[in-house]
Amino acid sequence: MSQNEDPKPLVLLANNAYVIGVLSPLSLVIYAYERALIPLYGSGPATEHLNKFVVLGALLAAVNPVHLQPWVNWLLVALALTVAPNANYWVPVLTSREHNAILGTLKTHATVLLPLVILMSSPVMRALDKASSQTGLPIQRNSASAPFVYRASRTIIIFFVANGLARDFWSTLSFLRNVSESQIYLALAAVYFILFIFTVPAFSLSRPKKTPKKLGPKRKDTPPAPVKQSEPEFTFKVRAATAVAFVGLWAASYRIFSNPVLPHPLKEAFTHPTHPVKVYSSVESVTGLISVAEWLPPDQPGTPEDELMHSARYLRASHSILGGVWTHDKVAVLPGEEPVKDSFGTALGDSIYSAFTLQEAARLVNSTVKGKKGQWQNALVIGLGTGTSTSALIRHGIDTTIIEIDPAVYEAARTYFGLPDPGEDKVHLEDARAWVGRRRQAIESGDNLPLYDIIFFCTPSSTPLTFRKSRTSDYLGSYLRRHVLSSLDTREVDLSLVRDHAGGHILTDTNNPLGPLQDKQGAHHWEVMREVLPDYHWETY
């Protein structure tokens, strides 16, 4: 770059540690807010309009005509962050009970996120003014009176940098998964309280003493008495001592400002004091919140509560159900069979979703050479869930390899849903794309690796797939498997819904109609989940 060229603002800003430092707390708040909202609204509805409110908050801070002193700003931010943990929980809890995902998230953004962004963007504006020579932006001494284009440029910087840090930096720090949103908010609140302590104007803690008047005539040649300046007692040492005392008090009492969200990871099972729900496990993991909970049976059979759905254990990922099984008196097996048990010896019933049982129909294919002989040897499962179909494949003696991106999902399936041990080197906790890519390279290079005979989503067969009739041995003692597999011929779907225009690939990176469909139906999916489970299930995690 020549000396005559204007510096690129975003490039220079990326190297400006001062501005990045001021933006970091705001980006961390955006990260914590989004993470706290997703378990109650799901990732789609929670993030659909979130960026718009970040931009709006930054813009309102830029055009705000009221110029706050820094110490006032620090105090307001600290107070806002102190109430943020409960606001970030209770506001979406109350709005979600209206069962309107879009309207509920808009209300939540406006009530919780917007004030935080406005308050925390004001010091960022001052930081950008101070760093104008480094960023390449025009210098402005007063953000409120500057031309709109200058203020808008600062809004853009706040949005891109803060949002980038929230999505691409904080979310990659694995240790933050063990730090609750309450702890993030309240730790930042403590920082701003300390900034307030050190920046509040000096003042005297005692009243000035009045000098008594002398009696008698005043002589003209008498020099005036020297005026004693009262020294401010709130000196740096006093501020430092106050800050230390505050830190000790805050460390001992900050929990009273925390929200009722369970600790992640959950150390012991939690039973709700007023609702029939028990949470066995809850952890922030690679893909978000992963929890295992159970809808407990009513205390007294025959009551109106007994007519409702209950006695079901489910695996939850944020605001979705990955699968589940029936428990307690809803465990039923075919005569002469034993139920599956979890790692604690608790009997488990059929899957609450029949779709996962339907996947097991891959074993019934008889239009291939191995299928005609029933010589299935290997299976590859991408995406584990509760492991309903995976468990069945293993129980049928098929050497099964599991690819699951989230370790917490695998642990939950093994501990709470009866997934058998797949064997050594049969579990790969990573993104399936990377695993499949390495596998393909190894095969193309001539490595002698086992091939997989069962693939759930595609087949190399040039002839239509056909299925043999199901047998009793296919059911593994399950009434649901008997119902689903025996009616397999009625369950075919039209593949034109997911094929590309050439009629070839079903799903690829460039042809993935399910992605836009999922985004479009995000709010509807959320509403369906709210019908599947009562609100208090989603509010307990």
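Everything that follows concerns the structure shown earlier in this document.
Residues numbered from 1 in each chain as written. Predicted model: local features only at pLDDT ≥ 70, side-chain atom pairs only at ≥ 80, totals over all residues. Heavy atoms only, no water.

Asks: Kindly report on the overall build of the chain, identifying the contributing residues and their values.
Replies: The helix and strand tally for the chain stands at 19 helices and 10 strands. Within the chain, buried positions represent 43% of all 541 residues. Across the chain, every contact between residues at least 6 apart in sequence was considered, and the portion connecting residues at least 24 apart equals 70%. As presented, the chain carries roughly 30,000 Å² of accessible surface, and 59% of it is formed by carbon and sulfur atoms. (Helix = DSSP H or I, 4+ residues; strand = E, 2+ residues; numbered from the N terminus. Buried < 20%, exposed > 50% of the residue type's maximum accessible area, 1.4 Å probe, protein only. Contact = heavy atoms within 4.5 Å. Areas by Shrake-Rupley, 256 points an atom, 1.4 Å probe, with all protein chains shown as cover.)

Asks: How would you explain the environment of L334 if you had to name every residue and give the values?
Replies: Structurally, L334 can be placed in the loop between β5 (320–326) and β6 (340–341). In this structure, the C-alpha to C-alpha distance between L334 and R482, residues 148 residues apart in sequence, is 9.4 Å.

Asks: Could you give me a rundown of the sheet that holds strand β4 (residues 312–317), with the residues and numbers involved?
Replies: One open sheet accounts for five strands, arranged β1-β2-β3-β4-β5; its pairing is antiparallel. Edge positions in the sheet fall to β1 (270–271) and β5, since each of these pairs with one other strand and no more. (Pairing = 2+ DSSP bridges.)

Asks: Hey, could you go over the nonpolar core for me, with residue numbers and the actual values?
Replies: Ranked by internal contacts, the top residues of the largest apolar core, which has 64 residues, are L81, Y185 and W250. Sorting the residues of this core by element identifies α2 (17–41), α4 (50–63), α5 (70–96), α6 (101–130), α8 (148–168), α9 (181–199), α10 (236–253) and α18 (522–532) as the ones contributing at least two each. Element by element, the count of residues in this core is highest for α2, at 12 residues. Within the second largest apolar cluster, 19 residues are counted, among which are I290, L315, V325 and A408. (Core = buried A, V, L, I, M, F, W, Y, C linked by side-chain atoms within 4.5 Å.)

Asks: Please set out the pairing of strand β8 (residues 378–382) residue by residue, giving values where relevant.
Replies: Counting buried positions along β8 gives four out of five residues, so the element sits mostly inside the fold. The parallel pair β8 and strand β9 (residues 399–403) is bridged by helix α13 (residues 388–395), and the resulting crossover is right-handed. (Right-handed = clockwise from strand over helix to strand, strands pointing away.)

Asks: Got a sec to walk through unusual backbone geometry? Specific residues and values, please.
Replies: Here the bond from H264 into P265 is cis, since omega is 5°, no more than 30 degrees from zero. Its place among the elements puts P265 in the loop between α10 and β1. A positive phi angle, near 60°, is found at H99, a position not held by glycine. By secondary structure assignment, the location of H99 is in the loop between α5 and α6.

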